[in-house]
Amino acid sequence: MQFTTEVNWQLNDFIAMGVLLFVVGSAAVLLWQTLKPAHRLPSVLVLIVLFIYIWAELAVGLLLDLGS
């Protein structure tokens, strides 16, 4: 948008990413505070991997083609 015309983000793209960041951040804090110490790190790592997958899916559509 700022450097090239190939990127054409709309307001809903920014809203979706903001909601995704808020939900994942809130879930990470909730998991970290409620789980036993032995389960905290694996659970948050799974959450991070899920976040990266959803982000990539919305960006380029890896499996379900949600981003286009």
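Residues numbered from 1 in each chain as written. Predicted model: local features only at pLDDT ≥ 70, side-chain atom pairs only at ≥ 80, totals over all residues. Heavy atoms only, no water.

## Looking at the overall build of the protein
Right, so step 1: Across its full length, the protein carries two helices and zero strands.
Right, so step 2: With the C-alpha coordinates of the protein rotated into their principal frame, the extents come out at 50 × 25 × 20 Å.
Right, so step 3: Looking at the protein as a whole, 10% of its 68 residues qualify as buried.
Right, so step 4: Restricting to contacts in the protein with at least 6 residues of sequence separation, those with at least 24 account for 21%.
Right, so step 5: Accessible area of the protein: about 5,700 Å², with a carbon and sulfur share of 72%. (Helix = DSSP H or I, 4+ residues; strand = E, 2+ residues; numbered from the N terminus. Buried < 20%, exposed > 50% of the residue type's maximum accessible area, 1.4 Å probe, protein only. Contact = heavy atoms within 4.5 Å. Areas by Shrake-Rupley, 256 points an atom, 1.4 Å probe, with all protein chains shown as cover.)

## Thoughts on the environment of Arg40
Right, so step 1: The topology assignment puts Arg40 in helix α2 (residues 37-60).
Right, so step 2: For the pair formed by Arg40 and Ser26, sequence separation is 14 residues and the distance between their alpha carbons is 14 Å.
Right, so step 3: Beyond its immediate chain neighbours, meaning those up to four positions away, Arg40 contacts Leu31, Trp32 and Leu35.
Right, so step 4: Engagement of the side chain of Arg40 in a polar contact is seen with the backbone oxygen of Trp32, the distance being 2.9 Å. (Polar contact = N/O pair within 3.5 Å; in protein donor to acceptor, adjacent residues only side chain to side chain.)

## Re the packing of helix α1 (residues 11-34) against α2
Right, so step 1: Where α1 contacts α2, the two axes come as close as 9 Å, and the packing angle between them is 170°. By the angle class used here, α1 and α2 are roughly antiparallel. Within the contact between the two elements, α1 uses Met17, Leu20, Leu21, Val24, Ala27, Ala28, Leu31 and Trp32 and α2 uses Arg40, Leu41, Ser43, Val44, Leu47, Phe51, Ile54 and Trp55.
Right, so step 2: By residue class, the composition of the contact of α1 with α2 is 14 nonpolar, one polar and one charged. (Axes fitted to C-alpha atoms, helices over the stretch in contact; angles between N-to-C directions. Parallel < 35°, antiparallel > 145°, perpendicular 65-115°, else oblique. Nonpolar A, V, L, I, M, F, W, Y, C, P; charged D, E, K, R; others polar.)

## Comments concerning a nonpolar patch on the surface
Right, so step 1: Nonpolar side chains collect at one region of the surface, where Leu50, Tyr53, Ile54, Leu58, Val60, Leu62, Leu63 and Leu64 lie side by side and expose about 780 Å² of accessible area between them.
Right, so step 2: Tracing the backbone through its elements, the reader meets Leu58 in helix α2. (Patch = residues over 30% accessible without salt bridge, like charges linked within 9 Å, V, L, I, M, F, W, Y side chains within 5 Å. Salt bridge = Lys/Arg side-chain N within 4 Å of Asp/Glu carboxyl O.)

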